[in-house]
Amino acid sequence: MERVEHHACFDGWQDVYQHESAVLGCTMKFGIYLPPQAQQRKVPVLYWLSGLTCTEQNFITKAAVQRYASEHGIIVVAPDTSPRGEGVADDPAYDLGQGAGFYVNATQTPWAAHYRMYDYVVQELPDMVETHFPANGDRGISGHSMGGHGALVVALRNPDRYRSVSAFSPIFAPTQGPWGQKAFEAYLGTDRETWKHYDTVDLIRAAKERVPLLVDQGLNDEFLETQLRPELLRNACDEANHPLTLNLRAGYDRSYYFIARFMGEHIAHHASALKG
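Right, let's walk through the structure included here. (Residues numbered from 1 in each chain as written. Predicted model: local features only at pLDDT ≥ 70, side-chain atom pairs only at ≥ 80, totals over all residues. Heavy atoms only, no water.)

**Considerations on the overall build of the chain**
Then, number 1: On a plain count of helices and strands, the chain comes out with ten helices and nine strands.
Then, number 2: For a compact globule of 276 residues, the expected C-alpha radius of gyration is about 19 Å, and the chain comes in at 17 Å, within 12% of that figure.
Then, number 3: By the burial criterion, 58% of the 276 residues in the chain qualify as buried.
Then, number 4: Counted over contacts in the chain with a minimum sequence separation of 6, partners at least 24 positions apart contribute 71%.
Then, number 5: When the 24 basic and 33 acidic side-chain charges of the chain are each reduced to a single mean position, those positions are 5 Å apart. (Helix = DSSP H or I, 4+ residues; strand = E, 2+ residues; numbered from the N terminus. Rg over C-alpha atoms; globule rule 2.2 N^0.38 Å. Buried < 20%, exposed > 50% of the residue type's maximum accessible area, 1.4 Å probe, protein only. Contact = heavy atoms within 4.5 Å. Lys, Arg positive; Asp, Glu negative; His and termini not counted. Charge placed at Lys NZ, Arg CZ, Asp CG, Glu CD.)

Next comes the structure, spelled out in structure tokens:
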């Protein structure tokens, strides 16, 4: 790994590293906030997955997370949203290709050569963080929009690896919306049964463990009815008796102004689970 940014922040350090990913076959970057407590002992880690078009920079510069992570003594890791670079497949549209990895393991040409963000998030990135930084092995995961989808899917599929999960404006049921259908057909092919492995609603119906979900959704979100449809998540959780806290926030959209307003509550939620 090579550190490419280093900034003092709330008595800790906001860094950015780059490394060669064996899983993705390209150079990747991730932001990592190291709270002051990490100078004395190993602490829990919260992984953050960002949304469409984002890099590691959007969250670490706009979400106001460092203040709360410093207070609670939590490392926060924010990877890029997709593989990037020369030789990595791309598409002119904003919702496919570089910047739009959807946190799946692609099986279709040309995407399968690099687009294995699920394996990167679940295995390679935590292994690296827990080897090189003062992380104690307790993990939470969160995200926004496409990254909220990724966080929910990763936690539901790996309940033994994550003690907490939350999301802002997640794509709840990508198999039932335009964004997810376009990406899944490109990355995974036309067999819709394979899509269910990356759909929160389908995973809740089949879940054997009940990982409590915390979700915040702005009611002024322009994609609320066409892409997100939070009622699908509520109905699935009600039917499966799956614990869900779904906060519908009047007046808020899907921007980082919204995320920054409620980030403190989300970090407290994770801190309670990770340190309790």
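**Description of the layout of surface pockets**
Then, number 1: Space inside the largest pocket adds up to approximately 160 Å³.
Then, number 2: Forming the boundary of the largest pocket are Gly51, Leu52, Thr53, Cys54, Tyr94, His144, Ser145, Trp179, Phe223, Arg254 and Tyr256.
Then, number 3: Here the lining of the largest pocket is built from residues that sort into six nonpolar, four polar and one charged. (1 Å grid on protein atoms, 1.4 Å probe; cavity = no way out; pocket = protein on both sides within 12 Å on 5 of 7 lines; lining within 4 Å. Points joined across faces, edges and corners; volume = space filled by probe spheres on them. Nonpolar A, V, L, I, M, F, W, Y, C, P; charged D, E, K, R; others polar.)

**A few points about the environment of Leu224**
Then, number 1: Secondary-structure assignment places Leu224 in helix α8 (residues 224-228).
Then, number 2: By relative accessible area, which is 15% here, Leu224 ends up buried.
Then, number 3: Along the chain, Leu224 and His72 lie 152 residues apart, while their C-alpha atoms are 32 Å from each other.
Then, number 4: In this structure, Leu224 is in contact with Gln217, Gly218, Leu219, Arg229 and Pro230, ignoring residues within four places of it in sequence.

**Section: the sheet that holds strand β7 (residues 164-168)**
Then, number 1: The nine strands are arranged β1-β2-β3-β5-β4-β6-β7-β8-β9 in an open sheet whose pairing can be described as mixed. This sheet does not close on itself; its edge strands, each paired only once, are β1 (2-9) and β9 (244-249). Averaged over all pairs of adjacent strands, the angle between their axes in this sheet comes to 20°, without regard to strand direction.
Then, number 2: Across three bridges, strand β4 (residues 43-49) lies against strand β5 (residues 75-79) in parallel orientation. Bridging from a neighbouring strand, Val45 pairs with Ile75 of β5.
Then, number 3: Each of β1, β2 (12-21), β3 (26-34) and β5 is contacted by helix α2 (residues 65-72), which is oriented at about 60° to β3, the strand it contacts most.
Then, number 4: Where helix α9 (residues 230-240) meets the sheet, it contacts β8 (213-218) and β9, and its direction lies at approximately 155° from that of β9. (Pairing = 2+ DSSP bridges. Axes fitted to C-alpha atoms, helices over the stretch in contact; angles between N-to-C directions.)

**Thoughts on the nonpolar core**
Then, number 1: In terms of nonpolar packing, the biggest core is built from 69 residues, with Phe30, Val77, Phe102, Ile141 and Tyr187 touching the most fellow members.
Then, number 2: The contacts of Ile141, once residues within four sequence positions are left out, are Leu46, Tyr47, Leu49, Val121, Ala151, Val154, Ala155, Tyr162, Ser164, Val165, Ser166 and His270.
Then, number 3: Grouped together as the second largest cluster of nonpolar side chains are 23 residues, Phe59, Ala69, Val76 and Met263 included. (Core = buried A, V, L, I, M, F, W, Y, C linked by side-chain atoms within 4.5 Å.)

**Some thoughts on the pairing of β8**
Then, number 1: Of all six residues that make up β8, six are buried, and the element is covered over most of its length.
Then, number 2: Burial along β8 is two-sided: Leu213, Val215 and Gln217 facing one way and Leu214, Asp216 and Gly218 facing the other are all buried.
Then, number 3: Judged from the three bridges that link them, β7 and β8 form a sheet pairing that is parallel. For Ala167, the partnering residue across the bridge sits in β8 and is Val215.
Then, number 4: Pairing geometry for β8 and β9, over six bridges, is parallel. Paired with Gln217 across the bridge in β9 is Leu248.

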